[in-house]
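Observations on the three-dimensional arrangement
Now for the letters of each chain:
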Amino acid sequence: MREEKFDCRIDRLPAGCALEFVFYAWPTADPGLSDWSGTAGAIRRDPAQRTLMLHFAPGRWLVPEPSVETRAMLNKAALAGLGMIVEVTGKYDQLSITGPGATRLLACGIDIEAILQARECAALTLFDCPAVLARAPEGYAIWVQSSYAADFVTTAERFRALLEGGS
Amino acid sequence: MNEALSRTGTRLRPGALSFTFDGRQYTAQPGDSAASALLAHGVRLMGRSVKYRRPRGPLCAGPEEPNALLSVGTAPEVIPNLPAPQVLVRDGLVLRSQNRWPTLKFDLASVLRAGGGFLGAGFYYKTFIWPSWRTYEGIIRRLAGLGEAPGRCELPQGAIEHCSCDVLVAGAGAAGLTAALAAARAGARVVLCEREPRCGGELEFETAQIDGSSALEWIASTLAQLRSLGVRILTHTALVAESCGELIAHAEPGGLPGGNTMYYIRAREFIIAMGAIERPIAFCDNDRPGVMMLGAAERYRAHYGVQIGARLVLFANHERVYSAARRLMAGGMNVRAIVDTRRVHQLSTDEASSRLRESLRSDGVECLAGHAVTAALGRLAVQAARIELLGGSAPHRQIPCDTILISSGWTPAAQAGLQQGGLAQYCAATGAFVAENQPSGRIVTGAAQGLLELTAVLRDGHAAGARAARAVGALGNSGAAPDGRGDPEPAAVTFARAPAPSSAEKRQFVDLQNDVTVADLRTALAEGFRDIEHIKRYTTLGVGTDQGRTGGVLGAQIVAELKGESLAEIGASRSRPPYHPVTMRSIAGFHVGAAVKVARRTPLHDWHSAHRGMLEPMGLWTRPRYYTVHGLSAAAAAVEEARRVRSHGGIADGSTLGKLEIAGPEAAAFLDYLYLTKASTIKVGRSKYMVNLREDGMVLDDGLVLRLAADRFVATTSSSHGTHMLSHFEHYQSTQWSNRALTITDVTEAWAVIAVAGPSSRATLHRVLGGSWSAALDRLKHMEFTDGHFDGGDLRLLRASFSGELAYELHCRPASALMLWEALHTAGLAPYGIDALDILRVEKGYLVSSEINGQTTPLDLGMEALVRLGNPCLGRELLDRAAFQEATRPRLVGLRALDGHGQFLAGAQLTGAESATRPCGHVTSSVFSPTFGEWLGLALVARNLTLEGTILTARDPLRSSHTAVRIVSPVHFDATGARMMA
């Protein structure tokens, strides 16, 4: 039985430029890649804890709002013949789900704690929508494929209302 | 009896709630169930049986209740068949009894009782043969069924939660609590679920001491420890099934939908501690209101403080009946007699048991060993028990009473242990079946494993918890097993039914919910049904909402007795999930109503919706079929849109096209492998129509491939195939092209696509895109493209046509799509939908999934020129199979009505002159062409009949249409492509 007041917030964030970087082969033994996380599920953040790159599948990174430094890093790897940069601006809609009830809300669709037990981000299907999910300071950041975004938000809002009503 | 007299020592909160039952108002205390509240008011008659309409009262105190099923709510929003012990009373609750008319006490249909003999097993099959079953079906269906289906019922949406844990413990009785504590102490993450509103199981009323405390104190202390160890305790939550590695539990607080949750739990270890269910005894009229399970009476007393009767007779076959009698007397009830089916020499001889029996006798309780209750007397309520000496000739006697409490032992609740390879094994200790052969990760413990003595239950539960913790690597100290002492060993001697003449067996009820009697079981056996599973289906034994929990094993015992075999030989019928009734709404989950499945939307979705686009689901996408215009039908609107494109121009939303970006030095070679023609020969800045084959040579999909750079391509796929083609590409990348220098990225949503088609398309684009794009517009040849920017956003301008007209595709980022679309619309181009697109492409002979249907090769579709290029791609070799060259293979052709007026529709079968019944092909697409003013079509026809001018008949018996058609070229319109190339 739920005893605490359910509290969760769903926000759609403005869309910006996004890139994906895909390695031809992963893992790679190139010694020049010390900046790249070796394990899928890792997130590269800046000192202010903003997300720079999400290693959401083996050898595949999502780079939202790439900075100059990040672009340089991607270009370096591409020029080294290790992989390709693909611009995917518009492919994803970014959402944030925050608050104490965020985990419970997402658990309506998938066992979120188990998914992120040993990783910070993952590509998954959430409420039947393909998405990339990442831990964020007060909840979760979600990049849902944009054609699914409206249904995703509708479903999430419906569950939020349900959980609020049931508290 | 008034309520004040019937309540003593309740654990409910003080306060008063008001509810109605059959229109009469009653009070209840917060926490009361419908059954406890009504019993507290002396109401025992709560329903009537489904077949004979016999008066019934509650038998149990849990969800296994077979009799007291109530309808909750007011018409038309009524929820039927809720077990009264499960319904938590709320203020204003409206309850209604079922299966009666006009009133519960005076039910006209109960005259069927007189016909109990002819309504026996197989009655319907044997009786309603002449003239036909249909003659009687309506009447029988009106009489049959549990309760009445609601006229309307908008049940509240249930929640869902997916979670995981190291150890899931199902059942929070003595074994479950101990197991959860041992596992949690060792460091495992534990979830404990309990179907009842409270934990403790039978400890709630059993006289027990555990670790020096009373049972209730121990329960409270254990729950406090569990909470402090972070154990998640889910009450009101019944484990109902397991599927795909997940254990599914359903919470329905108060027994009513509302606030209900479906839990999908991934547990590394699963401990089944779901206890045992008390078994009834069959005797004449054992279904009378006032006949109740002994444990149920104890629960009503201990938890709700309800005295279920004033004068009690207890009827059992085990030692615990004496302890129970003492507790009921302590609760203020008058126990008149204890009828024990065991002979004197079978009674426990230990000092405590002897002393207890002696003290009961000295308090005026008649203890009758070797006796049985052979009948309950009374009509709407028990008035007396008829008692006989077993195996003797002494005359029977009657003991006046208002309640007969029965118990013939306990059936382990082993349903969950009988899935995933678990096997039912006969257990002599319980006289029932336990679940053996558990796969790894599952442990059955406590009463569910046949243990009925508290000390053993606590030890076994502790061992189970410790073992589960070790299995998940939680190696902390599980502590010591609690030391407890409770009711004595039951020492039961199997007893299923009281002796009765065969004429009375039709009043010995085995399954009370379905009115299955001993006579029914005898009939089934006599008619050749030998296996318990067949007997179950023939008699309906155990197929109701209680799923045979009360009557299942009892029925098997009686079958064993009738057949002269042991229960072990008879076996138990298979139990299947859900183990506990679940509201269909909960199973349906969150995808209901309009959200029955997820829908994909283009960036222009809202515009289409706001401009009267008739949006329809096509695959997962939602797309406009046509745009409604006042006074025009759907077909006419589409024709008008197509006519406008041919005469002037139009715009269509093509964002749904799949788009895969294939990049890397080996991208071209990879595409050469996957497509019938070579991608490596495409020049940068050009595109090409290309076709994918499956390994068997059939066409899988088609689309344009654009070469963006030497090492970068975009392959477009048909809208419905985008996800499939991504999987197809990735499959061959990971199996035959692994670790090669290429990448595949789905960029479908990264690019919105606006198709601009028609003679005015170029001029309009000049106006809209402005001077910076003028040179490109003038320069671009068919199938060429150029990249640039427009209004700060990326824009790819591709000259390509799916209409046969001069046409362009604007590929832009989704954020720019609406602005571009509106600019084109303002510039005079009206939108056209999928129906108009279909007309345009059929006129031009272009293909969609109707033709590329998974059964056609490129040779069937007239693509010999592409095949002759000889690219050794996937599926190419099999095109040379002799079978693909046969004369009966289909071939794409065009069709027109012979008289120029006739209509023929897609799906119609085509027949030749030789046979009017043997089809030689079928119509794949047909449209009314505004260009030609007649119906046109595409068809797949046997190759030997495809000569242009051949006359066939399009036969469409479902739509009563037979039209003579003529084979023509599939390219009906602008065969030279002059308009497209203009």
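The structure under discussion appears in the preceding block.
1. Describing the overall build of chain B
- Regarding its fold elements, chain B presents 25 helices and 50 strands.
- Taking 982 residues into account, the globule formula puts the C-alpha radius of gyration at 30 Å, and chain B, at 38 Å, lies well above it.
- With the C-alpha coordinates aligned to their principal axes, the bounding extent of chain B is approximately 115 × 75 × 55 Å.
- Expressed as a percentage of its 982 residues, the buried residues of chain B come to 53%.

2. A short note on the interface of chain A and chain B
- Opposite the 35 residues of chain A that make contact, chain B presents 33 residues.
- Among the elements of the structure, strand E2 (18-23), strand E6 (83-87), helix H3 (112-115) and helix H4 (149-166) of chain A are those that each provide at least two residues to the side of chain A that touches chain B.
- A per-element tally of the side of chain A that touches chain B places H4(A) first, with nine residues.

3. Some remarks on unusual backbone geometry
Residues and elements named next belong to chain B.
- Cis peptide bonds are those with omega within 30 degrees of zero, and the linkage from Ala75 to Pro76 qualifies with 0°.
- Mapped onto the secondary structure, Pro76 falls in the loop between strand E5 (69-74) and strand E6 (77-83).
- In this chain, Trp101 is followed by Pro102 through a cis amide linkage whose omega measures 5°.
- Assignment of secondary structure puts Pro102 in the loop between strand E7 (93-96) and helix H3 (123-127).

4. Side note on helix H17 (residues 634-647) of chain B
All names here are of chain B.
- Helix length check: H17 (14 residues) gives 20 Å between terminal C-alpha atoms against 20 Å at 1.5 Å per residue, within 8%.
- Of all the residues in H17, the buried ones are Ala637, Ala638, Val639, Glu641, Ala642, Val645 and Arg646.
- Against strand E33 (621-627), strand E34 (650-653), strand E40 (752-757), helix H23 (834-844) and strand E47 (921-929) lie the buried residues of H17.

5. Structural notes on helix H19 (residues 722-735) of chain B
Residues and elements named next belong to chain B.
- A rise of 1.5 Å per residue sets the reference length of H19, with its 14 residues, at 20 Å; its end C-alpha atoms lie 20 Å apart and thus fit the reference within 8%.
- Gly722, Met725 and Phe729 are the residues of H19 that are buried. Buried residues of H19, seen end-on, are gathered within an arc of 70° and therefore sit on one face of the element. Exposed side of H19, more than 90 degrees from the buried face: Ser727, His731, Ser734 and Thr735 are the residues found there.
- Contacts made by the buried residues of H19 are with strand E35 (658-663), helix H18 (667-674), strand E37 (699-709), strand E38 (712-717) and strand E39 (743-746).

6. Focus on the sheet that holds E47(B)
Residue and element names in this part refer to chain B.
- With antiparallel pairing, the six strands of this closed barrel are ordered in space as E45-E48-E47-E46-E49-E50. The sheet shows a mean angle of 40° between the axes of neighbouring strands, taken without regard to direction.
- In the sheet, strand E49 (residues 951-956) pairs with strand E50 (residues 961-968) via six bridges, with the strands oriented antiparallel. Considered in E50, the bridge of Thr953 is made with Ala964.
- Along the sheet face, H23 touches E47 and strand E48 (934-942) and points at about 115° away from the line of E47.

7. A look at the sheet that holds strand E21 (residues 371-377) of chain B
Residues and elements named next belong to chain B.
- On the basis of which strands lie adjacent, the open sheet formed by three strands has the order E21-E22-E23 and antiparallel pairing. The open sheet has two edge strands, E21 and strand E23 (397-400), and neither has a second partner. When strand polarity is set aside, the average angle formed by the axes of neighbouring strands in this sheet is 30°.
- Relative to strand E22 (residues 384-389), E21 runs antiparallel, the two sharing six bridges. Each bridged residue has a counterpart across the sheet, and for Ala375 the counterpart in E22 is Arg386.

How each quantity is defined
- Residues numbered from 1 in each chain as written.
- Chains lettered and ligands numbered in written order.
- Predicted model: local features only at pLDDT ≥ 70, side-chain atom pairs only at ≥ 80, totals over all residues.
- Helix = DSSP H or I, 4+ residues; strand = E, 2+ residues; numbered from the N terminus.
- Rg over C-alpha atoms; globule rule 2.2 N^0.38 Å.
- Buried ≥ 20, exposed ≤ 12 C-beta atoms within 10 Å, placed from the backbone.
- Contact = placed C-beta atoms within 7 Å.
- Expected span 1.5 Å × (residues − 1).
- Arc of directions from axis to C-beta.
- Pairing = 2+ DSSP bridges.
- Axes fitted to C-alpha atoms, helices over the stretch in contact; angles between N-to-C directions.

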